[in-house]
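Analysis of the macromolecular model
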Amino acid sequence: MRLFEAIIAANHRAIAGDTTAGLKPFEFAANLPIVALSCIDVRLGPLLPEVLGVPESDFIWLRNAGNIITGPLSSTMRSMALACAIKGGKEIAIIGHTDCQVGKTGALELLERFRALGVERHRLPDNLPEFFGTFSSDRQNVIHAADIARNSPLISPRIPVHGLMVDIVTGKLEWLVNGYETAPSVASKWNEVIHSAGQTVDALKSLADFQIGEMKFPETKIGEHIMGAGEWMAEKLHAAQIPTAAQPAAPPKPPHPEPPHLTAAPKTGLPPQLRARFKVRLK
Ligand SMILES: [Zn+2]
């Protein structure tokens, strides 16, 4: 039995009245700690660790309003990635809850709430639901977030990404997305970033900030960045011998020794203008 199978089984036994039901964390030491994303709803504070049965020391808890993930490279995704890379998180769970006010608060009501706080309409983005990532279905929100996390380039394919709902009254868990069954679509990781026109610039700026490995993106021609990043990732995938949908039968290439040259600078050295300036010195 795997970790979340045991968590769900113990939770359902406890809900059914079995007072002996509980997770035995020592049996799952290799699968702990877990990384959980939940809503900020204060009712979850005492409830969530209890219903999961995971000890506090093995529970890396990220929270935001509505357990929303806005994109594969978003701030929340970066924290999740670091929770795995730095703090050793072994499995990820996006955990929604019933009676979530983030889902229940419509755009007009949200505007009213902001106005009551002195935040006028003109200070807010046009499309509030899109900006805040608010949702109308708690369950769809969890499924969507799990899908984004699963296909984020920042998350290892080895990390299962689960989606759960918790009943805020009874504490019963519902397993919406079984992370042991959802294989990551490796090719989609970068396609999602590269082909999403609206997100590309932000995504690449995010990458520039994040500096994956030694790679840095200079602030010049965006088109070159897109191709450079895509080709670079394709080579990385080949080097790791991970098949992609786009190139299923291609033989693996040798590892690329260094990040791509993303500007028009000649590979042999300095850009032309600098080469001219240092011409004498170079000779
Ligand atoms: Zn909530």
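It should be noted that the structure appears before, not after, this text.
The structure reproduced in this document is the subject of the present report.

Cut-off values and rules
- Going along each chain's sequence as written, the residues are numbered from 1 onward.
- With the structure being a predicted model, the display of local features is reserved for residues of pLDDT at least 70 and the display and counting of side-chain atom pairs for 80 or more, all residues being used for whole-chain, interface and lining totals.
- With hydrogens and water stripped out, all remaining heavy atoms of the structure feed into the side-chain values.
- Helix and strand definitions here come from DSSP, where helices need a minimum of 4 consecutive H or I residues and strands a minimum of 2 consecutive E residues; each element is numbered from the N-terminal end.
- Any residue under 20% of the maximum accessible area for its type is buried, any over 50% is exposed, and the rest in between are partly exposed; the area is computed with a 1.4 Å probe on protein chains only.
- By definition in these notes, contact holds between two residues if any of their heavy atoms fall within 4.5 Å.
- For the area figures, the Shrake-Rupley method with a 1.4 Å probe applies, and any residue is considered shielded solely by the protein chains shown.
- Note on pairing: two strands pair once DSSP finds at least 2 bridges between them.
- Here an axis means a line fitted to C-alpha atoms, over the contact stretch when the element is a helix, while the angle between two N-to-C directions is reported on a 0 to 180 degree scale.
- Distances define the donors: N, O and S atoms within 2.8 Å of the metal qualify, as do those within 3.2 Å of Na, K or Ca. Water is excluded, so some sites may look unfinished.
- Pairing of aromatic rings covers Phe, Tyr and Trp, the last counted by its six-membered ring, and requires centre-to-centre distances within 6.5 Å; plane angles under 30 degrees mean stacked, over 60 mean edge-to-face, and any other angle means tilted.
- As used here, the term nonpolar core means buried Ala, Val, Leu, Ile, Met, Phe, Trp, Tyr and Cys residues forming a set that is joined through side-chain atoms within 4.5 Å.
- By definition here, a salt bridge exists when the distance from a side-chain nitrogen of Lys or Arg to a carboxyl oxygen of Asp or Glu is within 4 Å.

Turning our eyes to something else, we now look at the overall build of the chain. Along the backbone of the chain there are twelve helices and five strands. Residue burial in the chain is summarised as follows: out of 283 residues, 39% are buried. Partitioning the contacts of the chain with sequence separation of at least 6, the portion at a separation of at least 24 is 67%. Counting every atom, the chain has about 15,900 Å² of accessible surface; 57% of that belongs to carbon and sulfur.

Attention shifts here to the environment of Ile 155. With respect to the helices and strands, Ile 155 occurs in the loop between α7 (138-150) and β4 (161-166). Taking the C-alpha atoms as reference points, Ile 155 and Met 77, separated by 78 residues in sequence, lie 8.3 Å from one another.

Here we come to the sheet that holds strand β2 (residues 59-63). If you trace the five strands from one edge of the open sheet to the other, you get β2-β1-β3-β4-β5, paired in mixed fashion. Each of the sheet's edge strands pairs with one partner strand only, and the pair in question is β2 and β5 (173-177). Going across the sheet, the axis of each strand differs from the next one's by a mean of 30°, ignoring polarity. Bridge count for strand β3 (residues 91-97) against β4 is six bridges, and the pairing is parallel. Following the sheet pairing, Ile 95 is matched in β4 by Leu 164. The strands touched by helix α2 (residues 44-52) within the sheet are β1 (34-38), β2, β3, β4 and β5, with β2 carrying the most contacts at an inclination of about 140°.

Our next topic: the coordination of the zinc ion. The coordination sphere of the zinc ion, as far as protein atoms go, consists of Cys 39 (SG), His 97 (NE2) and Cys 100 (SG), spread over 2.0 to 2.3 Å. Within one chain, the residues donating to the zinc ion are spaced in sequence as C-x57-H-x2-C. Remark: Cys 100 occurs in the loop between β3 and α4 (101-104) and Cys 39 occurs in the loop between β1 and α2; sequence separation between them is 61 residues. Judged by its relative accessible area of 3%, Cys 100 falls in the buried class.

Bringing the packing of aromatic side chains into the picture now. Taken as a whole, this structure holds four aromatic pairs when the rule is applied. Their ring planes at 80° and their centres at 4.9 Å tell us that Phe 131 and Phe 132 sit as a pair that is edge-to-face. Among the aromatic side chains, those forming a connected cluster through ring pairs are Phe 114, Phe 131 and Phe 132.

When you tally the buried positions in β4, you get six out of six residues, the bulk of the element. The alternating pattern of β4 places Val 161, Gly 163 and Met 165 on one face and His 162, Leu 164 and Val 166 on the opposite face, and all of these are buried. As paired elements, β4 and β5 share four bridges and run antiparallel to each other. Bridge assignment links Leu 164 to a residue of β5, and that residue is Trp 175. Where β4 folds back onto β5 in an antiparallel hairpin, the turn is made up of six residues, including Gly 171, whose phi is positive at roughly 85°.

As a further point, take the nonpolar core. Counting 29 residues, the largest nonpolar core has Leu 3, Phe 4 and Leu 52 as the members making the most contacts within it. Counting only elements with at least two residues in this core, the list comes to α1 (3-15), β1, α2, β3 and β4. If we skip the residues at most four places from it in the chain, Phe 4 touches Ile 34, Leu 52, Glu 91, Ala 93, His 162, Leu 164, Trp 175 and Tyr 180. Membership of the second largest hydrophobic core comes to 21 residues, among which are Ile 69, Met 80, Ile 92 and Val 161.

So, on to the pattern of salt bridges. Taken as a whole and judged by the stated rule, the model has nine salt bridges. Note that Asp 41 and Arg 43 form a salt bridge whose closest N and O atoms lie 2.8 Å from each other. Judged by its relative accessible area of 35%, Arg 43 is partly exposed. The partner of Arg 113 in a salt bridge is Glu 109, with the nearest N and O atoms 2.8 Å apart. Pair noted here: Arg 113 and Glu 109 are both in helix α5 (residues 107-116), with a separation of four residues, about one helical turn. Judged by its relative accessible area of 52%, Arg 113 falls in the exposed class. Here the salt bridges share partners, and the residues they tie into one network are Asp 41, Arg 43, Asp 99 and Lys 104.

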